[in-house]
Amino acid sequence: MAKLFRAAIMGPPGSGKGTISQRIAQSFGLQYLSSGHFLREGIAAKTEAGLLVKTYVERSMLVPDHVMTRLMLPRLEQLSGHSWLLDGFPRTLGQALALNNLYQLDLVISLNIPYETLKERLSDRWIHPASGRVYNMGFNPPRVQGKDDITGEPLIQHDDDKPEALTARLRHYKDVAKPVINLYKSQGILHSFSGTETDRIWPYINSLLSTKMHTQPSDTCQAQTP
Ligand SMILES: Nc1nc2c(ncn2[C@@H]2O[C@H](COP(=O)(O)OP(=O)(O)O)[C@@H](O)[C@H]2O)c(=O)[nH]1
Ligand SMILES: Nc1ncnc2c1ncn2[C@@H]1O[C@H](COP(=O)(O)OP(=O)(O)O)[C@@H](O)[C@H]1O
């Protein structure tokens, strides 16, 4: 059997993790798991996990590590036999160490995007809540304004994408992400990308993954894009 490929993508809110993950999933056939989307799905379906995390997610506060690992690690177990890409998990050192005990990641992508760019993008971010598909009125607008391309259902904006919530979110992201980034740097698997446009960063990520996965081919499972 081909060697499985396991990757994670990190970056502040609005840095393009979801956009790039969808491209990676489509191009390379990895299973894509977004922690934020997974949590919101549970909240919408009122599952036990959803009820547990609701107050944290609604206030943009980090869900405690022990809850997060209890939810995410069994999801990864279900993906055994597949190559995967994680977006939004691990977010803290505690989560990274818990993941590390079970899986050795092959690659971590870290996105460095200027603050002004993040602010602009998020004020214009629209989401299809059921699937997690992301739009931006300038960069990738829906075909019909305010409607999801696939289902035609209405798009929404997250409250925590508003500029007043953003500065605190970004500061918090940096503090929490630093030890995680240092861990992956020390393991030699961290690849950082800087810029203001996803379309300019994407060719570099595409080429990195082609090289890495060529020497370490993924399984042939279907991409599961949200
Ligand atoms: N203008 C512009 N918007 C972008 C670019 N890349 C992504 N976006 C949009 O910026 C917003 C944030 O991107 P997203 O992938 O959701 O970021 P995440 O929070 O890191 O997952 C979304 O509305 C995207 O459509 C870009 O290069 N230019
Ligand atoms: N790994 C995680 N650890 C703790 N909380 C998380 C994690 N991933 C997601 N969350 C929760 O879900 C919310 C939404 O996550 P996400 O969609 O990744 O948004 P963002 O990156 O824009 O903050 C976060 O504000 C947080 O409450």
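Fair warning: this is a prediction, and the values are worked out from it, not measured in the lab.

(A) Looking closely at the site of ligand 1. Within the structure, ligand 1 sits among 17 residues, and Gly14, Thr19, Arg125, Tyr135 and Thr198 are positioned closest to it. Between ligand 1 and tyrosine 135, the relevant distance is 2.8 Å, taken from an oxygen atom to a main-chain nitrogen or oxygen of the residue. In the environment of ligand 1, an oxygen atom lies 2.8 Å from a nitrogen or oxygen atom belonging to the side chain of asparagine 140. Look at ligand 1: alone it shows 580 Å² of surface, and the protein chains cover 89% of it. Partitioning the shell around ligand 1 into residue classes produces five nonpolar, eight polar and four charged.

(B) Representation of the site of ligand 2 within the structure. Taken together, 19 residues sit near ligand 2, with Ser35, Met61, Gly88, Arg91 and Arg169 positioned nearest. Contact distances for ligand 2 include 2.6 Å between an oxygen atom and a backbone N or O atom of methionine 61. Of all elements in the fold, only α2 (35–44) and α3 (48–58) reach the threshold of two or more residues within the shell around ligand 2. Here the element with the most residues in the shell around ligand 2 is α2; it accounts for four residues.

(C) A look at empty space enclosed by the protein. Following the criterion strictly, the structure yields one cavity of 30 Å³ or more and no others. For the largest cavity, the calculated volume is near 30 Å³. Around the largest cavity sit His37, Arg40, Ile127, Pro129, Gly132 and His158, which together line it. Looking at the lining of the largest cavity residue by residue, the class counts come to two nonpolar, three polar and one charged.

(D) View of the sheet that holds strand β3 (residues 84–87). If you trace the five strands from one edge of the open sheet to the other, you get β2-β3-β1-β4-β7, paired in parallel fashion. Strands at the two margins of the open sheet, each flanked by one partner only, are β2 (31–34) and β7 (190–194). Direction aside, neighbouring strands of the sheet carry axes that sit 20° apart on average. Summarising the sheet, strand β1 (residues 6–10) and β3 pair through four bridges and their orientation is parallel. When the sheet's bridge partners are listed, isoleucine 9 is paired in β3 with aspartate 87. Here helix α1 (residues 17–28) sits on the sheet in contact with β1, β2, β3 and β4 (107–112), set at roughly 175° to β3. Strands in contact with α2 are β2 and β3; relative to β2, the strand with the most contacts, it is inclined by about 65°.

What counts and what doesn't
- Residues numbered from 1 in each chain as written.
- Chains lettered and ligands numbered in written order.
- Predicted model: local features only at pLDDT ≥ 70, side-chain atom pairs only at ≥ 80, totals over all residues.
- Heavy atoms only, no water.
- Near = heavy atom within 4 Å.
- Polar contact = N/O pair within 3.5 Å; in protein donor to acceptor, adjacent residues only side chain to side chain.
- Areas by Shrake-Rupley, 256 points an atom, 1.4 Å probe, with all protein chains shown as cover.
- Nonpolar A, V, L, I, M, F, W, Y, C, P; charged D, E, K, R; others polar.
- Helix = DSSP H or I, 4+ residues; strand = E, 2+ residues; numbered from the N terminus.
- 1 Å grid on protein atoms, 1.4 Å probe; cavity = no way out; pocket = protein on both sides within 12 Å on 5 of 7 lines; lining within 4 Å.
- Points joined across faces, edges and corners; volume = space filled by probe spheres on them.
- Pairing = 2+ DSSP bridges.
- Axes fitted to C-alpha atoms, helices over the stretch in contact; angles between N-to-C directions.
- Contact = heavy atoms within 4.5 Å.

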